[in-house]
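Structural characterization, general
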Amino acid sequence: MIKKHYEGNSKRALNIVWNAAGRYDFEPPFLAFYSNGKPDQYFNMIIGLTVKWFDISQIEAFFDNYSYLKKAQEFDSYMWLAIENCIFEKEKVSRPVLSALRIKRAKEFYETVQNYSRQQMEMQSIPVYNQEEARWAYVLGKKVVLLSDREKKLSKALLLNKDLDTEGLIQALRSILKEYFRFDTDKVTKERKNNVNLSIARRLQSILYKKNKETETLFVRSGSGSGNKEGSVTLSHEDHFINNIETLQKNRDYIESCFGSCIYTDEEMKVLEKDICTNSDENCHVWITNGINKNKTIKDAKAFKSIETFNDQINKNIAFYNSRTYQIQESIRNLSAQINTIFESYLRCLPQESKSGILESSKAYRLSLMKDTRVFLNEGDEKDYKITVDILLDASQSRMNFQESIACEAYMIAESFVKAHIPVSIKAFRSICGYTVLENLKNYKDMHSHGAFNYVAAGWNRDGLCFKMLDHLYMDEEEQETERFLFVLTDASPNDSMPIKNAGAGLRVKEYEGLAAVDDARKAVQSLKKHGINIGAVFFGASLHLDNVSIIYGDDYERIINMRQLPDAVGDLLRRLLQRKSL
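On to the overall build of the protein chain, then. What the protein chain contains, in helices and strands, is 21 helices and 14 strands. The buried share among the 583 residues of the protein chain stands at 55%. Excluding contacts between residues fewer than 6 apart, the proportion of contacts in the protein chain whose partners are at least 24 apart in sequence is 74%. Accessible surface for the protein chain amounts to roughly 27800 Å². Of this, 49% is attributable to carbon and sulfur atoms.

Next up on the list: the nonpolar core. Core analysis: the largest hydrophobic core is formed by 62 residues, its most contacted members being F63, Y66, M79, L160 and I176. Looking at this core, the elements with two or more residues in it are helix 1 (8-21), strand 1 (30-34), helix 2 (41-53), helix 3 (56-64), helix 4 (72-91), helix 5 (97-114), helix 7 (126-140) and helix 9 (166-181). Counting residues per element, this core draws most heavily on helix 4, at 11 residues.

Attention shifts here to the environment of Q397. Looking at the element boundaries, Q397 is found in the loop between strand 7 (387-394) and helix 17 (403-419). We classify Q397 as buried; its relative accessible area is 6%. Taking the C-alpha atoms as reference, Q397 lies 5.1 Å from A457; in sequence the two are 60 residues apart.

Let's shift gears to the pairing of strand 13 (residues 534-539). In terms of burial, strand 13 is largely enclosed, as six of its six residues are buried. Here strand 13 shows a buried face lined by N534, G536 and V538 and a second buried face lined by I535, A537 and F539. Here strand 10 (residues 483-490) runs beside strand 13; their pairing, made up of six bridges, is parallel. For L486, the partnering residue across the bridge sits in strand 13 and is I535. As judged from the three bridges shared by strand 13 and strand 14 (residues 557-559), these two strands associate in the parallel manner.

The mixed open sheet is built from seven strands, whose spatial order is 3-9-8-7-10-13-14. If you trace the sheet from one side to the other, it starts and ends with strand 3 (285-289) and strand 14, each paired once. When the angles between neighbouring strand axes are averaged without regard to direction, this sheet yields 20 degrees. The pairing of strand 7 with strand 10 spans seven bridges and is parallel. Each residue of the ladder has a partner; that of D390, found in strand 10, is L486. Of the strands in this sheet, strand 7, strand 8 (424-432), strand 9 (435-442) and strand 10 are in contact with helix 17, which crosses strand 7 at around 180 degrees. The sheet strands contacting helix 18 (residues 463-476) are strand 3, strand 7, strand 8, strand 9, strand 10 and strand 13, and the helix crosses strand 9 at an angle near 60 degrees.

Right, let's get into the packing of helix 8 (residues 149-157) against helix 9. Two elements in contact, helix 8 and helix 9, have axes separated by 11 Å at closest approach and are oriented at 180 degrees. Here helix 8 lies roughly antiparallel to helix 9, going by the angle between them. Between helix 8 and helix 9, the residues in contact are R150, K153, L154 and A157 and I176, Y180 and F181, respectively. Residue composition of the contact of helix 8 with helix 9, by class: five nonpolar, no polar and two charged.

All right, on to the pattern of salt bridges then. What the rule picks out here adds up to 19 salt bridges. In this structure, the salt-bridge partner of E439 is R430, at a minimum N-O distance of 2.9 Å. When its relative accessible area of 2% is taken as the criterion, R430 is described as buried. When salt bridges with common partners are traced through the structure, they connect D281, R462, K468 and D496 into a single cluster.

Along the chain, the position of N283 falls in the loop between helix 13 (266-276) and strand 3. Exposure remark for N283: the relative accessible area of 32% places this residue in the partly exposed category.

The backbone of N279 sits at a positive phi, close to 50 degrees, despite the residue not being glycine. Mapped onto the elements of the fold, N279 is located in the loop between helix 13 and strand 3. The residue H421 is not glycine, and still its phi comes out positive at about 65 degrees. Note that H421 resides in the loop between helix 17 and strand 8.

What follows covers the packing of aromatic side chains. Tallied over the full model, the rule gives 26 aromatic pairs. Centre to centre, the rings of Y66 and F75 are 5.4 Å apart; their planes meet at 85 degrees, and the pair counts as edge-to-face. We classify Y66 as buried; its relative accessible area is 0%. Lying over the aromatic face of F88, R102 brings its terminal NZ or CZ to 4.0 Å of the ring centre. Geometry around Y512 places R462 over its ring, the cationic atom sitting 4.2 Å from the centre.

As a further point, take helix 7. Its 15 residues give helix 7 an end-to-end C-alpha distance of 21 Å, which sits within 8% of 21 Å, the value for a rise of 1.5 Å per residue. Looking only at helix 7, the buried set comprises V128, Y129, N130, Q131, E132, A134, R135, W136, A137 and V139. Where helix 7 terminates, the next one or two residues include G141, which has phi positive at roughly 75 degrees.

All right, on to the side chain of T289 then. Along the chain, the position of T289 falls in strand 3. Overall, T289 belongs to the buried group, its relative accessible area being 0%. Excluding anything up to four places from it in sequence, T289 contacts F259, G260, S261, I263, V437, L438, E439 and N440.

Mean pLDDT over the protein chain: 80, with 74% of residues reaching 70 or higher. Here residues 503-507 scores under 50 on pLDDT; set against residues more than four positions off or in separate chains, the count is two contacts.

What counts, and at which threshold
Residues numbered from 1 in each chain as written. Predicted model: local features only at pLDDT ≥ 70, side-chain atom pairs only at ≥ 80, totals over all residues. Heavy atoms only, no water. Helix = DSSP H or I, 4+ residues; strand = E, 2+ residues; numbered from the N terminus. Buried < 20%, exposed > 50% of the residue type's maximum accessible area, 1.4 Å probe, protein only. Contact = heavy atoms within 4.5 Å. Areas by Shrake-Rupley, 256 points an atom, 1.4 Å probe, with all protein chains shown as cover. Core = buried A, V, L, I, M, F, W, Y, C linked by side-chain atoms within 4.5 Å. Pairing = 2+ DSSP bridges. Axes fitted to C-alpha atoms, helices over the stretch in contact; angles between N-to-C directions. Parallel < 35°, antiparallel > 145°, perpendicular 65-115°, else oblique. Nonpolar A, V, L, I, M, F, W, Y, C, P; charged D, E, K, R; others polar. Salt bridge = Lys/Arg side-chain N within 4 Å of Asp/Glu carboxyl O. Phe/Tyr/Trp six-rings, centres within 6.5 Å; stacked < 30°, edge-to-face > 60°. Lys NZ or Arg CZ within 6 Å of the ring centre and 35° of its normal. Expected span 1.5 Å × (residues − 1). pLDDT = per-residue confidence, 0-100.

Laid out in structure tokens, this is it:
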């Protein structure tokens, strides 16, 4: 059985839930966080009290009915507003502190909203925001301002009474979804039971909680921890070791059909795998490609279907860009200007110690005391820096809901460095059938960055092995004097179907997920830094994984909530990496 691990903010949120529930033998289906990653004390208490009053397995099954929808986050917000009032009415007499916490929570809502920028307000789900504002205005005795009769009726419908049992609560929630959002959970449940061949894409679409809109509170679907339900943050792991030669060849053929031929010979790849597919990555394989040859005939029906899906997504990426051309080009101009300013400062001749020049006052004492004449500063010699930038994209299935925006983000970053005359590459990685595939979407010599639109999410992500592969490739290159920058666009949730084989433990294995996977990625990042690679992350993911990104990358990361924040995030990250380099 896969055991789920918690730490940091996630652990604090979990403790609040456990304390409110009065039991510690379960993993809650949800945890609540503010958008900055801080646990939401009041709503985590509501989640715990929900476990106390209701059959949580039935509540969880209800949420699972719509977990595959793009609007799942918005539905979650409405449903928890409804449950909140019901739980509060049940507990307010026996638990007086709950009233004080509720009022505090309402005040925090307004304090947070006052600090929102225009961009943050634009990214809000306005209908959800209106209902949240109505609820907290109601709690504080303020006038509730809603725009339409429908919103007013919905606001009243979300004030569920205290007399409901589990069956009554679920029926009330179903009625809200059906009446106000035209979503019939009973009908969907029957359809899904009859449709045993529900598409893999739809199942995997809900592997992780997807956040399309920034809301003041983030309800993170933590699932059962065993990865066997839609909405869970972890996946079940199967087919651990593939020793059958026929199966290995079949998997290799599928990888080549889907992603293109390997750019290295079999002998070279054997050398690479011998060096990096060891210890925790034993029995894994790697594949490096420049993408599929579109003129090549694909005979494998499974691969052909996958390629059709990939092509559809590429067209969606391009359409997404075309609909936002002005915004993206403005961001490119912004980031390019920042890059030029940053590197002009960095490349400026640094002062050097000298026997003449400007006296360095902090070292003046050395002149008389130690007879050291090198206490002056003189302008240093100009240095010729060779700089390259690599953009690495997590292309695992957990990024499915964000493919268009990630493709455009990669394009924005790459084009910004191109305009600054700095060589830049774009790479994407994912793990399928035991292979960690590194796909080159743009090479240094490409004069444009349109290859970013070939980004497609599929499979798993074995971050540690990908970093080891890049580390090895960097060391093999002839240009050792190059200053390298590696920017990783990630949700900081490494997870792979191939497990970790414990050294010295025979056939005992543990899954590549949770803390084990995070620590593996951390070690690989430390190795890159040790070898002089300036690596940093742009984090775009659920608050549940904020602890992970901090563990893996230390302070070298920036979090973004939407695409508008990308130029400043990359600029700040570049400054931080350069400042650390100069220390």
